[in-house]
Amino acid sequence: NNNNNNNSNKLLFASVPMNVALSNNGERVVVLRNQCTTIDVLSSTSSSLLEPMQSLECPTQPLYAIFNSDNTLFILAKESTYLLQYQLDNNNSMTNITHRSPLCQTVNSLANDCKIRLPPAVLEDTDNDKIGQWVRKVPKQAFAPFKNHAERKLKWQQKMSRRRKKKKKESQFMSG
């Protein structure tokens, strides 16, 4: 009976989402699951519910997903495929363009040359910071596309701060 409990716990843990990414236009949600090489792409445009749109097969365990400003999807994965890139095609499907992406080719080549080993899942080895060590070894120019994301986030936070200050001043003016 205890053995059955262990098996059911393993199955439950295997299905745990470990990363969710939302496209910039809000039309796509990507879900990565622990110990699963299938990437779920969901649509959020037709109703308030998320609907399955597509399943992408990753050659190795996907660890992290992020959308770039043009809604290109980047996936960080285990070796020997470290970085994958997907782009929306004319059929409204995500197509793997890793083979023609200079960024992916550079990152994958450097990571393989350095024999970098990533944890089996992001849920493991967080104390050792293996992903952080890997990221620090990759040249900064390889992550240039992600720089715009950080800048956009900072500008959005600054904009929201200005709005809060303006509303606070307006409410003080109206009450006083």
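The structure this text deals with has already been given above.
A quick note: this is a predicted structure, and the numbers were derived from the prediction, not measured. (Residues numbered from 1 in each chain as written. Predicted model: local features only at pLDDT ≥ 70, side-chain atom pairs only at ≥ 80, totals over all residues. Heavy atoms only, no water.)

Draft legend 1. Spotlight on the pairing of strand S1 (residues 17-22). Two elements, S1 and strand S2 (residues 28-33), share five bridges in a ladder whose sense is antiparallel. Counted as the bridge partner of leucine 22 is valine 29 from S2. Hairpin connection between S1 and S2: a loop of five residues separates the two successive antiparallel strands, and glycine 26 in this loop has a positive phi of roughly 75 degrees. (Pairing = 2+ DSSP bridges. Helix = DSSP H or I, 4+ residues; strand = E, 2+ residues; numbered from the N terminus.)

Draft legend 2. Representation of the sheet that holds S2. Strand order in the open sheet made by the four strands is S1-S2-S3-S4, with antiparallel pairing throughout. Among the strands making up the open sheet, the edge pair consists of S1 and strand S4 (51-57). Here the strands of the sheet are splayed against their neighbours by 25 degrees on average, with no regard to which way each runs. Pairing of S2 with strand S3 (residues 38-43), which is carried by four bridges, proceeds in the antiparallel orientation. By the bridge assignment for S3, valine 29 is matched with leucine 42. (Axes fitted to C-alpha atoms, helices over the stretch in contact; angles between N-to-C directions.)

Draft legend 3. Layout of a positive patch on the surface. Together, Lys159, Arg162, Arg163, Lys166 and Lys167 make up a region of like positive charge exposed at the surface. Overall, the relative accessible area of 39% leaves lysine 159 in the partly exposed class. (Patch = residues over 30% accessible without salt bridge, like charges linked within 9 Å, V, L, I, M, F, W, Y side chains within 5 Å. Areas by Shrake-Rupley, 256 points an atom, 1.4 Å probe, with all protein chains shown as cover. Salt bridge = Lys/Arg side-chain N within 4 Å of Asp/Glu carboxyl O. Lys, Arg positive; Asp, Glu negative; His and termini not counted. Charge placed at Lys NZ, Arg CZ, Asp CG, Glu CD. Buried < 20%, exposed > 50% of the residue type's maximum accessible area, 1.4 Å probe, protein only.)

Draft legend 4. Representation of the side chain of aspartate 40 in the model. For aspartate 40, the location among the structural elements is in strand S3. Polar contacts involving the side chain of aspartate 40 include one to the side chain of arginine 33, which spans 3.2 Å. Excluding residues within four positions of it along the chain, aspartate 40 makes contact with Val29, Val30, Val31, Arg33, Gln54 and Ser55. (Polar contact = N/O pair within 3.5 Å; in protein donor to acceptor, adjacent residues only side chain to side chain. Contact = heavy atoms within 4.5 Å.)

Draft legend 5. Spatial organisation of the pattern of salt bridges. In total, this model carries three salt bridges according to the counting rule given. Aspartate 40 is the salt-bridge partner of arginine 33, the closest N and O atoms lying 3.2 Å from each other. The closest approach of N and O atoms between lysine 78 and glutamate 79, which form a salt bridge, is 2.8 Å. Since its relative accessible area comes to 14%, lysine 78 is described here as buried.

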